[in-house]
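Summary of the model geometry
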Amino acid sequence: MASRVIPVDPFDLVVFGGTGDLARRKILPALFRRYCAGQMQAGTRIVAAARTEMDSAAYREMVAAALDEFDTPHAHDADQRRAFLDGLHYVTLDATGTQGWEELAALMSRDRIKAYYFSVGPALFGPLAERLHEYGMSDDEARIVVEKPFGRDLESARALNLTLARHFTESQIYRIDHYLGKETVQNLMAIRFGNMLFEPLWNSQYVDHIQITVAETVGVGGRADYYDRSGAMRDMVQNHLMQLLCLIAMEPPAKFDPSAVRDEKLKVIRALDPVVPNDIVRGQYRGVDDKPGYAEHVENAASTVESFIALKAHISNWRWAGTPFYLRTGKRLRARNSEIAVVFKEAPHSIFGAEAGRHRNILTIRLQPNEGIDLGVTIKEPGPGGMRLVDVPLDMTFTEALGPDAEDVPDAYERLIMDVIRGNQTLFMRGDEVEAAWAWTDPIIADWEASGDAPFAYDSGSAGPEEALALMHRDGRRWREIRL
Ligand code: NAD
């Protein structure tokens, strides 16, 4: 099953913050892979712009090292690599001053798509937009790609939307959430809306509950300052988990186009009930053995910021009234394990009697590791011993199902950057979506900030605090295991 690559017209891409962690780890390797796949045509220009003083030759060396460190080994064709690197330009530029802007403006073409990727801290999003306009780079062919975090509450998100809107129309603004670029996330839509099998069952009559888990093994890493001012609710729930929730819960859009899909996602967010404090558990990892805990990582012993959150959400509409959505995310958990599990109700009556046990179907959409989908079905346990039932997975791991070409499935950043060039906003967040998501999370955060309550401690390497297990147990349900 060969993946088809449709080349895009030559374009200019500027990566602001081109020397930063995200650019080196994700953006440049993603561009290189698209280059190797033949998607970029001759004449495409990639320019990195950042504060560090260096020339293009030094920048190429930096990217070469980044490709060695972060790229997939199969793409190491020496000629392609040389040609890709030779095409990179670097401009030393100050996002808040005048240095570098005229040089950059002179490099830009007039008559082609120009994408400006804001891979810099959020305080620079506004100044970059303003300068792009000031230096004549915000024409109709220009697009801006804005990284997270998009605000830290409704007020700041609204202010940022207004700042960007002064110089760019909504159709030129691409707010990135890389979860939306994952193959499985799009497959979620293909499975729901491309098959007759699931959609009739996709409602509270048949679905008992839905669990969304994004479990990380990493701690706060090099982002301690930022993280200790954000926490899991702002960093993960307001964007990634809510986006997944929207895709799983939305009504079928009339067509797969940006406005239709984003309209439906927005309706989900607006139908979310406020979450009561009893339905939220916040946690913070503590050190185990010689491994430091959160407070040591952020060098703030008094920190009450959460590195884990579990909550129960309700969507008040016809489809979902009565079906809870359990969301959970955390750092330093037992395994790197992200999935959405749709847990169906039990059959209304068991013809096999009580001894056959209780069984239900679970559709699991795995985001990482092993992107794929499995459907748990109940079958007869093989053997002569009468009718004993057992649950087995119908497993579709994409790399197996798609064969050797699965390796060529683009990663999230590859797909999303190419979508920017193609002008397809379906997998990007619209301004009103982001604001609605903050409007839901703000009161939750305000509540616990007012209470001053400390989060529950959990051991690094565990599944989170005990209290999160209790959140499910009291409803007669349990979390799926965070598997190694
Ligand atoms: P970083 O600190 O590693 O890099 C910041 C970049 O911005 C550097 O290239 C630096 O030179 C440049 N810069 C700083 N001040 C500047 C100025 N005044 N003018 C011009 N350039 C300037 O940050 P990062 O981790 O690469 O993150 C970039 C953005 O991406 C942030 O908004 C971050 O929240 C977001 N993000 C990062 C990750 C990640 O894994 N690193 C993941 C998701 C989102």
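Our focus in this paragraph is the overall build of the chain. Scanning the chain from N- to C-terminus turns up 15 helices and 15 strands. In terms of its C-alpha atoms, the chain occupies a principal-axis envelope of roughly 75 × 55 × 50 Å. Of all 484 residues assigned to the chain, the portion counted as buried reaches 54%. Taking the intrachain contacts of the chain between residues at least 6 apart in sequence as the baseline, contacts between residues at least 24 apart amount to 77%. When the accessible surface of the chain is split by element, carbon and sulfur atoms take 52% of a total near 21,500 Å². Where the 55 positive side-chain charges of the chain centre and where its 71 negative ones centre are 3 Å apart.

Each neighbour pair has its own omega, and for Lys 148 with Pro 149 the value is 0°, a cis peptide bond. Among the secondary structure elements, Pro 149 is positioned in the loop between strand 5 (142-146) and helix 6 (154-167).

Along helix 3 (residues 78-86), the residues that are buried comprise Arg 81, Phe 84 and Leu 85. Buried residues of helix 3, viewed axially, fall in a sector of 95°; they line one side. The elements touched by buried residues of helix 3 are helix 1 (21-36), strand 2 (45-50), helix 2 (56-70) and strand 3 (88-92).

Here the focus is the domain arrangement of the chain. Annotation of the chain at the domain level lists domain 1 (12-147) and domain 2 (180-411 + 432-473). Look at where the C-alpha atoms of domain 1 and domain 2 centre, and you get two points 34 Å apart.

A separate point is the sheet that holds strand 6 (residues 173-175). Judged by pairing direction, the sheet is parallel, and its six strands sit side by side in the order 3-2-1-4-5-6 without closing on themselves. The sheet is open, and its two borders are formed by strand 3 and strand 6, each paired with just one other strand. Averaged over all pairs of adjacent strands, the angle between strand axes in this sheet comes to 20°, irrespective of strand direction. In terms of strand pairing, strand 5 meets strand 6 through three bridges, oriented parallel. In the sheet register, Val 145 faces strand 6, and the bridge partner there is Tyr 174.

Of all hydrophobic cores here, the largest spans 147 residues; its most connected members are Phe 16, Phe 84, Leu 104, Tyr 116, Phe 118, Ile 248 and Phe 325. When residues are assigned to domains, this core turns out to be shared by domain 1 (12-147) and domain 2 (180-411 + 432-473), each giving three or more. The residues contacting Leu 104, other than those within four sequence positions of it, are Val 14, Phe 16, Val 47, Val 91, Leu 93 and Met 137.

Before going further, it helps to examine the side chain of Arg 477. If you trace the backbone, Arg 477 turns up in the segment after helix 15 (466-473). Here Tyr 326 takes part through its side chain, which lies 2.9 Å from a polar atom of the side chain of Arg 477.

Before going further, it helps to spend a moment on the packing of aromatic side chains. What the rule picks out here adds up to 15 aromatic pairs. Ring plane angle 65° and centroid distance 6.1 Å describe the contact between Tyr 227 and Tyr 294, whose orientation is recorded as edge-to-face. Here Tyr 227, found in helix 8 (residues 224-228), pairs with Tyr 294, found in helix 11 (residues 294-297); they are 67 residues apart in sequence, far enough to count as distant. Overall, Tyr 227 belongs to the buried group, its relative accessible area being 1%. Look at Tyr 294 and you get buried, because its relative accessible area is 0%. Over the face of the ring belonging to Tyr 179 we find Lys 182, whose NZ or CZ atom lies 5.3 Å from the ring centre. The ring centre of Tyr 285 lies 5.8 Å from the NZ or CZ of Arg 332, which sits over that ring.

The ligand sits among 22 residues. The nearest are Thr 19, Asp 21, Arg 25, Ala 95 and Val 120. In this structure, Leu 22 approaches the ligand through a main-chain N or O atom, which is 2.8 Å from an oxygen atom. Separating an oxygen atom of the ligand from a backbone N or O atom of Lys 148 is a distance of 2.8 Å. Coverage of the ligand by the protein chains reaches 78% of its 830 Å² of free accessible surface. Sorting elements by how many residues they give to the shell around the ligand places helix 1 first, with three residues. In the shell around the ligand, the residues fall into nine nonpolar, seven polar and six charged.

Residues Ile 351, Phe 352 and Met 387 make up a contiguous nonpolar surface patch of about 310 Å² in total accessible area. Here Phe 352 is to be found in the loop between strand 11 (337-344) and strand 12 (362-368).

About the thresholds
- As a convention, each chain's residues are numbered from 1 in the sequence order in which they are written.
- For a predicted model such as this one, the threshold for reporting local features is a pLDDT of at least 70, and the threshold for listing and counting side-chain atom pairs is 80 or more; totals across whole chains, interfaces and linings nevertheless cover every residue.
- To obtain the side-chain values, all non-hydrogen atoms of the structure were used and water was disregarded.
- By the criteria applied, helices consist of DSSP H or I runs no shorter than four residues and strands consist of E runs no shorter than two, each listed in order from the N terminus.
- Exposed residues in this analysis have more than 50% of their type's maximum accessible area, buried residues have under 20%, and partly exposed residues fall in between, with area computed by a 1.4 Å probe over protein chains only.
- Two residues form a contact once any of their heavy atoms are found within 4.5 Å.
- What sets the accessible areas is the Shrake-Rupley method with a 1.4 Å probe; for residues, cover comes only from the shown protein chains.
- Under this rule, positive means Lys or Arg and negative means Asp or Glu; His and the chain ends count for nothing.
- The location of each charge is read from NZ of Lys, CZ of Arg, CG of Asp or CD of Glu.
- The arc in question is the one spanned by the directions pointing from the helix axis to the C-beta atoms.
- Those domain boundaries reflect an automatic or database domain assignment.
- Two strands qualify as a pair provided DSSP detects at least 2 bridges between them.
- Here an angle of 0 to 180 degrees is reported between the N-to-C directions of two axes, which are lines fitted to C-alpha atoms, with helices fitted over the stretch in contact.
- Nonpolar cores are built from buried Ala, Val, Leu, Ile, Met, Phe, Trp, Tyr and Cys residues. Side-chain atoms within 4.5 Å join them into one set.
- In the analysis that follows, any N or O atom pair within 3.5 Å is treated as a polar contact, provided that within protein one partner can donate a hydrogen and the other can accept it, and provided that, for residues neighboring in sequence, both atoms belong to side chains.
- Two rings belonging to Phe, Tyr or Trp (six-membered ring only in the last case) form a pair when the distance between their centres is within 6.5 Å. Interplanar angles under 30 degrees mark stacking, angles over 60 mark edge-to-face geometry, and anything in between is tilted.
- We call a charge positioned above a ring when the Lys NZ or Arg CZ atom is no farther than 6 Å from the ring centre and deviates by at most 35 degrees from the ring normal.
- For this description, a residue counts as near a given molecule or strand if any of its non-hydrogen atoms is within 4 Å of it.
- When residues are sorted by character, Ala, Val, Leu, Ile, Met, Phe, Trp, Tyr, Cys and Pro go into the nonpolar class, Asp, Glu, Lys and Arg into the charged class, and all the rest, Gly among them, into the polar class.
- Like-charged residues within 9 Å of one another, or nonpolar side chains (Val, Leu, Ile, Met, Phe, Trp, Tyr) within 5 Å, are grouped into patches, provided each residue has over 30% relative accessible area and no salt bridge.
- Just to be clear on terms, a salt bridge is a Lys or Arg side-chain nitrogen sitting within 4 Å of an Asp or Glu carboxyl oxygen.

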